[in-house]
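Residues per chain are reported as follows:
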Amino acid sequence: MKNKNTIMVRYTGADWMRTYLVQRGDCKFWDGERWTRIRDEAKVYHDHKSAQVAATALQSAQYKGNPATAEEQSIPIDTLLKQLHHCTDILPADYCDQLDLPKGST
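Residues numbered from 1 in each chain as written. Predicted model: local features only at pLDDT ≥ 70, side-chain atom pairs only at ≥ 80, totals over all residues. Heavy atoms only, no water.

1. A few points about the overall build of the protein
Turning to step 1, where the next piece is worked out: The helix and strand inventory of the protein stands at three helices and four strands.
Turning to step 2, where the next piece is worked out: For the protein, the succession of helices and strands along the chain, N to C, is β-β-β-β-α-α-α.
Turning to step 3, where the next piece is worked out: Taken across its 106 residues, the protein has 22% of its residues classed as buried.
Turning to step 4, where the next piece is worked out: Pairs at least 24 residues apart make up 28% of the contacts formed inside the protein by residues separated by at least 6 positions.
Turning to step 5, where the next piece is worked out: When the accessible surface of the protein is totalled, it reaches about 8,400 Å², and 52% of it is carbon and sulfur. (Helix = DSSP H or I, 4+ residues; strand = E, 2+ residues; numbered from the N terminus. Buried < 20%, exposed > 50% of the residue type's maximum accessible area, 1.4 Å probe, protein only. Contact = heavy atoms within 4.5 Å. Areas by Shrake-Rupley, 256 points an atom, 1.4 Å probe, with all protein chains shown as cover.)

Here it is, written out as structure tokens:
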């Protein structure tokens with residue numbers, strides 16, 4: 001994996017002495033201050049939760065200022081109704097009420 005935007009928690013060691021590292025997609029490890037390619041310099045976390053908190057904090061800093069949601073799409077209601085008209089599934093009654101459709105019409 002070569003995508004440096006990917007941040008993951010990696011584990012090392014046997015089950016009884018497992019440790020965790022935060023790694024980026026371009027094979028660099030977090031040492032607590034910067035990214036390094038040397039694994040022995042990586043910051044070691046002794047539980048998964050603290051490693052996950054660090055990875056989440058790094059991702060939040062990475063995407064700071066970017067919108068957290070995808071762009072909204074505006075579809076004209078007539079296009080949506082045409083798509084619903086050709087749908088073979090029966091819509092729930094609550095959904096039909098929201099669209100002002102009679103129950104069982106779709």
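2. Regarding the environment of Lys-43
Turning to step 1, where the next piece is worked out: Tracing the sequence through the fold places Lys-43 in the loop between strand E4 (35-36) and helix H1 (48-62).
Turning to step 2, where the next piece is worked out: When the C-alpha positions of Lys-43 and Glu-33 are compared, they lie 9.2 Å apart, and in sequence the two are 10 residues distant.
Turning to step 3, where the next piece is worked out: Setting aside its immediate chain neighbours within four residues, Lys-43 contacts Tyr-20, Leu-21, Trp-30, Asp-31 and Gly-32.

3. Describing the confidence of the model for the protein
Turning to step 1, where the next piece is worked out: Residues with a pLDDT of 70 or more make up 66% of the protein, whose mean pLDDT is 78.
Turning to step 2, where the next piece is worked out: Ranking the elements of the protein by mean pLDDT puts helix H3 (residues 93-98) last with 60 and strand E2 (residues 19-24) first with 93. (pLDDT = per-residue confidence, 0-100.)

4. Examining the nonpolar core
Turning to step 1, where the next piece is worked out: Among the nonpolar cores identified, the biggest contains nine residues, and these are Ile-7, Tyr-20, Val-22, Trp-30, Tyr-45, Ala-51, Ala-54, Ala-55 and Leu-58.
Turning to step 2, where the next piece is worked out: Those residues in contact with Tyr-20 that lie beyond four places of it in its chain are Val-9, Arg-10, Tyr-11, Lys-43, Val-44, Tyr-45, His-46, Asp-47, His-48 and Ala-51. (Core = buried A, V, L, I, M, F, W, Y, C linked by side-chain atoms within 4.5 Å.)

5. Overview of unusual backbone geometry
Turning to step 1, where the next piece is worked out: With a phi angle near 70°, Cys-27 is a residue other than glycine that sits in the positive phi range.
Turning to step 2, where the next piece is worked out: Among the secondary structure elements, Cys-27 is positioned in the loop between E2 and strand E3 (29-30).

6. Details of the pairing of strand E1 (residues 7-12)
Turning to step 1, where the next piece is worked out: Relative to E2, E1 runs antiparallel, the two being bridged by six bridges. The residue bridging Arg-10 from the neighbouring strand is Leu-21, located in E2.
Turning to step 2, where the next piece is worked out: Linking E1 to E2, which pair antiparallel, is a turn of six residues; within it Gly-13 sits at a positive phi near 90°. (Pairing = 2+ DSSP bridges.)

7. Here we look at the pattern of salt bridges
Turning to step 1, where the next piece is worked out: Per the counting criterion, the structure on display carries three salt bridges.
Turning to step 2, where the next piece is worked out: Two residues, Asp-15 and Arg-18, come together in a salt bridge whose shortest N-O distance is 2.6 Å.
Turning to step 3, where the next piece is worked out: Residue Asp-15 is classed as exposed on the basis of its relative accessible area, which comes to 65%.
Turning to step 4, where the next piece is worked out: Salt-bridge contacts for Asp-26 lead to Arg-24; the nearest nitrogen and oxygen are separated by 2.9 Å.
Turning to step 5, where the next piece is worked out: Relative accessible area serves as the criterion here: at 13%, Asp-26 is assigned to the buried category. (Salt bridge = Lys/Arg side-chain N within 4 Å of Asp/Glu carboxyl O.)

8. With respect to the pairing of E2
Looking down a regular strand, the side chains alternate between one sheet face and the other.
Turning to step 1, where the next piece is worked out: Within E2, six of the six residues are buried, which leaves it mostly tucked inside the rest of the structure.
Turning to step 2, where the next piece is worked out: Burial of E2 is two-sided: the residues Thr-19, Leu-21 and Gln-23 facing one way and the residues Tyr-20, Val-22 and Arg-24 facing the other way are all buried.

9. A closer look at the side chain of Thr-12
Turning to step 1, where the next piece is worked out: Looking at where Thr-12 falls in the secondary structure, it is placed in strand E1.
Turning to step 2, where the next piece is worked out: Residue class for Thr-12 comes out buried when judged on its relative accessible area of 18%.
Turning to step 3, where the next piece is worked out: Of the polar contacts made by the side chain of Thr-12, one reaches the side chain of Thr-19; its length is 2.8 Å.
Turning to step 4, where the next piece is worked out: Filtering out sequence-adjacent residues up to four positions away, Thr-12 remains in contact with Met-17, Arg-18, Thr-19, Leu-21 and Arg-39. (Polar contact = N/O pair within 3.5 Å; in protein donor to acceptor, adjacent residues only side chain to side chain.)

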